[in-house]
Amino acid sequence: MNRCYISWECVCAGIGLGMFVLDSPAIAADMPASLPVKAPVAYVSKDYDWNGWYVGAHVGVIRGASNWSATQPGAGGPGLSGSFDLPFNFDFMAGTGSYVAGLQGGYDYVLPSRLMLGFEADASFPNSDVQVPFSVRGSQTITSPLTGQVTYGEAVVHYGTARARVGYAFDHFLLYGTGGLAWTYDQVTRTQVAGFPVGGLATPGTVDTAQLWRLGWAAGAGVEIPLAGNWTAKAEYLSTGFGRKGAIFPAGAQAFESDLAMQSIRLGVNYRIGDNAHISDFLATGPSALETDNFAFHAQATYVNQYDPPFRAPYKGQNSLIPDIGRETADVTLYAGVRLWKGAEAWISPEVDQGFGLSASVGAAGFPSGEAYKVGADYPYTRLHRAFLRQTIDLGGEVQKVDAGLNQFSGSQTSDRLVFTVGKFSVGDIFDTNKYAHDPRVDFMNWTIIDTGTFDYAADAWAYSVGAAAEWYQGPWTLRGGLFDLSTAPNATHLDPQFGQFQWVGEIERRYVIWDQPGKLAINGFLTRGRMGSFQDAIDLAAQTGGPADIAAVRRYNSRGGIGMNLEQQLMPNVGLFVRAGIADGDKEPYEFTDVDRTVAAGLSVSGKQWGRDDDTFGIAGVVNGISGVHQAFLNAGGLGILVGDGKLPNPGSEKIIETYYSFPVFSTKVTLDYQLIANPAYNRDRGPVSVLGFRVHSQY
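Residues numbered from 1 in each chain as written. Predicted model: local features only at pLDDT ≥ 70, side-chain atom pairs only at ≥ 80, totals over all residues. Heavy atoms only, no water.

A.B. asks: Which parts of the structure should I look at to understand the overall build of the chain?
C.D. replies: Each helix and strand counted, the chain has five helices and 29 strands in total. A compact globule built from 701 residues should have a C-alpha radius of gyration of about 27 Å, and the chain, at 28 Å, falls within 12% of that. Counting only C-alpha atoms and orienting by the principal axes, one finds that the chain spans roughly 90 × 80 × 45 Å. Within the chain, the proportion of its 701 residues that are buried is 55%. Long-range pairs, those at least 24 residues apart, make up 71% of the contacts in the chain between residues at least 6 apart in sequence. About 27,400 Å² of surface is accessible on the chain, with carbon and sulfur atoms providing 62% of the total. (Helix = DSSP H or I, 4+ residues; strand = E, 2+ residues; numbered from the N terminus. Rg over C-alpha atoms; globule rule 2.2 N^0.38 Å. Buried < 20%, exposed > 50% of the residue type's maximum accessible area, 1.4 Å probe, protein only. Contact = heavy atoms within 4.5 Å. Areas by Shrake-Rupley, 256 points an atom, 1.4 Å probe, with all protein chains shown as cover.)

Structural data, given as structure tokens:
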């Protein structure tokens, strides 16, 4: 469901503009006036010019170690001390590990001797799964008469450096050493495992936390090589060290101190802007695309802010949409690909995410922001959303041009072909696509407009899964099929590591031309096999216990299926129509996507070329979502769905949504104004209607 591009102008403004002090040439002041001399001229290699400003991005792996001590004031006797590692780890199915992604920017100047002097600043964001945050972490458990059994831990939230670079510019590469200041924002914890601390109030299970800003040093070395155009690639080793910093754990009645050391290996790319005169052009147009014969790099950045004004809400439950709140999300995605052999491409797409949807992304089955995941965090964190291999086998027919894009090399392919994709990606990357309504970063934003609401596709809480898909293109027809892993439980953050819960997906598509206007019609279906609950079983159990309906208490291995229709039709040049409809099994809980058993959506997308603004787009769409009678009874019994659950539902009704947006360019970004009206949110006639005002800024290359 996610695609998009990076706001390089913001990186340049935030990192680069503070370094203009480097651009004043030195003048030999002590020479006689009658013998004027010229300022030194920067060395320019016949192969590459390293001089000037640059911005870029990096990914890497990290490990570290911490030495700690803890004392209990007034307890007498020696304090406690120890050490632990922040070890390297990686879990592909969970998406967790000791990896980072980040941004950097700086300035280089090469002297006539080829000596390079430069400055670089960067920020890095470690991985997190949000529910158990901060994957770069370590801990140690000890037992003492003064404390009982206690676990001390430390985790890295984010960190960065500001460093000088000194190196030598060879004709074909740059070799450098680097050193300077480093900073980090950490979380230290004390967990009472057993027993009780002397003078403290902690009982088993009590967790004390504190956040620490640290300053320290950084040193390392690297090599950088030209790729194509203004692009370079670098590999870098960096070591950082931080002095001791203290915190108080009140419940444990302890003063805690620790130091921290980290080592990282990073791979990155830089876009060379050049001297000061080129900065305005860069801000206006952004970087040029990077693609070589065997390597490609793209990026996107998106910011979304939404607000729902006060609305009628006589009661609320755990999953209710809250009136009069605003929330924002931001993300930066990096797309790196390599050609392996004829027709084969491998891609990885780490993403830095931050923020929350309205009401923590609950309150409406047609949730208003496709950029908001089912989990959120107030700190930026990295996830590896995509890592897959695609193989295309040409079978003949018309040769078609393929443009470069996100997760796509430029080139050509035949109209008849086979395409195989395996790895981690979104089911929505391949199935249920629509050129007018499918990307919350550039078109509509509502979940049940950009995707068929009943399409309960396999995914973790970020909408990605591990699996395989096959596509067969033959003339005007395409047949698609795929097998994908489900999460460990409905709406969970981790995928099933055993692949014991899974989903089959199929789709048949027919392309056509009517009255000289192209279109396509696709029929898709899914069958989910996993542990899911029956609404009637949950209602019956609630009647016996006297409590609210609990779907988790009645889950057993079962099947749930659904079928959908997706129409895409150009009505005239620059005007397109889309229609979606679907129905799914309404007796069992949806497993991954949202709480919809039947849906119909339709809308129009109109290019600004119609009124002389080629890069503008106007869109308007509506959707009606519904659920089965037993699903309504489950919610009225206090049940909670994936996104809905007001505690009761005495007056159910179909959820009806209208969305309209207008997008227009501002320099190298696209700005979108969005409005949504939600009648009967979460199928509840007693609440709403709800207006949602949205603002989006998006950039990509």
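A.B. asks: Would you take a moment to explain unusual backbone geometry for this structure?
C.D. replies: Most peptide bonds take the trans form, and the phi angle of most residues other than glycine is negative. Here the residue pair Gly688 and Pro689 is connected by a cis peptide bond, since its omega of 5° sits within 30 degrees of zero. Assignment of secondary structure puts Pro689 in the loop between β28 (669-679) and β29 (690-700). One non-glycine residue with positive phi stands out, namely Ala253, at about 50°. For Ala253, the position within the fold is in the loop between β11 (231-249) and β12 (254-274).

A.B. asks: So what exactly am I meant to see when it comes to the environment of Arg390 here?
C.D. replies: Take Arg390: it is sitting in strand β17 (residues 377-402). Taking the C-alpha atoms as reference points, Arg390 and Ala468, 78 residues apart in sequence, are found 9.8 Å from one another. Only 2.9 Å separates the side chain of Arg390 from the backbone oxygen of Asn407, close enough to count as a polar contact. (Polar contact = N/O pair within 3.5 Å; in protein donor to acceptor, adjacent residues only side chain to side chain.)

A.B. asks: Would you take a moment to explain the packing of aromatic side chains for this structure?
C.D. replies: Two aromatic rings are characterised by how far apart their centres lie and by the angle between their planes. Under the defined criterion, the tally for this structure stands at 33 aromatic pairs. When the ring of Phe134 is compared with that of Tyr379, the centres are 4.9 Å apart and the planes differ by 50°; the resulting orientation is tilted. Separated by 245 residues along the polypeptide, Phe134 in the loop between β6 (115-126) and β7 (137-144) and Tyr379 in strand β17 bring together distant segments of the chain. Both residues of the pair, Phe134 and Tyr379, count as buried. A ring pair is formed by Tyr662 and Phe664, whose centres lie 6.3 Å apart and whose planes are at 35°; its orientation type is tilted. Grouped by ring-pair contacts, the aromatic residues Phe367, Trp447, Phe455, Tyr457, Phe526 and Phe593 constitute a single cluster. The ring of Tyr176 has Arg165 sitting right over it, with the charged end atom 4.3 Å from the ring centre. (Phe/Tyr/Trp six-rings, centres within 6.5 Å; stacked < 30°, edge-to-face > 60°. Lys NZ or Arg CZ within 6 Å of the ring centre and 35° of its normal.)

A.B. asks: Help me understand the side chain of Asp674 in this model?
C.D. replies: Mapped onto the secondary structure, Asp674 falls in strand β28. Here Asp674 sits buried without a salt bridge, and the closest side chain of opposite charge, Arg696, lies 6.0 Å off (N-O distance). One polar contact links Asp674 to Gln676, side chain to side chain, over a distance of 3.2 Å. (Lys, Arg positive; Asp, Glu negative; His and termini not counted. Salt bridge = Lys/Arg side-chain N within 4 Å of Asp/Glu carboxyl O.)

A.B. asks: I'm lost on a nonpolar patch on the surface in this one. Help?
C.D. replies: A cluster of nonpolar side chains, namely Ile393, Leu395, Phe420, Trp472, Trp477, Leu479, Ile508, Leu521, Ile523, Ile563 and Ile583, defines an oily patch on the protein surface of about 990 Å² accessible area. At the level of elements, β17, β20 (477-485) and β22 (517-532) are the ones that each hand at least two residues to the nonpolar patch. With respect to the secondary-structure elements, Ile508 resides in strand β21 (residues 502-514). (Patch = residues over 30% accessible without salt bridge, like charges linked within 9 Å, V, L, I, M, F, W, Y side chains within 5 Å.)

A.B. asks: Hey, could you run me through the side chain of Gln187 in this one?
C.D. replies: Tracing the chain through its elements places Gln187 in strand β9 (residues 174-194). In this structure Gln187 comes out as buried when scored by relative accessible area, which is 17%. The residues contacting Gln187, other than those within four sequence positions of it, are Phe134, Gly153, Glu154, Ala155, Val157, Thr209, Ala210 and Gln211.

A.B. asks: Would you explain the nonpolar core in this entry?
C.D. replies: Across soluble globular proteins, nonpolar side chains show a tendency to be buried alongside one another. If you look at the biggest cluster of nonpolar residues, it comprises 65 residues, and the most contacted ones within it are Phe431, Phe444, Phe484 and Phe634. With 25 residues, the next largest nonpolar core counts Val100, Tyr159, Val188 and Ala247 among its residues. (Core = buried A, V, L, I, M, F, W, Y, C linked by side-chain atoms within 4.5 Å.)

A.B. asks: Would you explain the pattern of salt bridges in this entry?
C.D. replies: Opposite charge on two side chains permits them to pair, given that their charged atoms come into close proximity. If you walk through the whole model with that rule in mind, you get 37 salt bridges. A salt bridge links Arg214 to Glu154; its shortest N-O distance comes to 2.7 Å. Here Arg214 is found in strand β10 (residues 207-228), whereas its partner Glu154 is found in strand β8 (residues 148-169), with 60 residues between them in sequence. With a shortest N-O distance of 2.9 Å, Asp585 and Lys588 are connected by a salt bridge. Since its relative accessible area comes to 15%, Lys588 is described here as buried. The network of salt bridges with shared partners includes Asp108, Glu120, Asp122, Arg163, Arg165, Glu224, Lys234, Glu236, Arg266 and Arg272.

A.B. asks: Hey, could you run me through empty space enclosed by the protein in this one?
C.D. replies: Left-over empty space is what a probe sized like a water molecule reveals as it rolls over the atoms. Going through the model one piece at a time under the given rule, you end up with four cavities of 30 Å³ or more. There is about 70 Å³ of room inside the second largest cavity. What lines the second largest cavity is a set of 14 residues, among which Thr329, Gln354, Gly355, Glu371 and Tyr373 lie closest to the centre. Looking at the lining of the second largest cavity, the elements with two or more residues in it are β15 (325-341) and β16 (344-355). Taken together, the residues of the lining of the second largest cavity sort by class into six nonpolar, five polar and three charged. (1 Å grid on protein atoms, 1.4 Å probe; cavity = no way out; pocket = protein on both sides within 12 Å on 5 of 7 lines; lining within 4 Å. Points joined across faces, edges and corners; volume = space filled by probe spheres on them. Nonpolar A, V, L, I, M, F, W, Y, C, P; charged D, E, K, R; others polar.)

A.B. asks: Can you walk me through the confidence of the model for the chain in this structure?
C.D. replies: Note that predicted coordinates carrying low pLDDT should not be read in detail. Per-residue confidence for the chain averages 91 on the pLDDT scale, and 93% of its residues sit at or above 70. Of the regions scoring below 50 in pLDDT, residues 1-39 engages in 99 contacts with residues more than four places distant in sequence or in other chains. (pLDDT = per-residue confidence, 0-100.)

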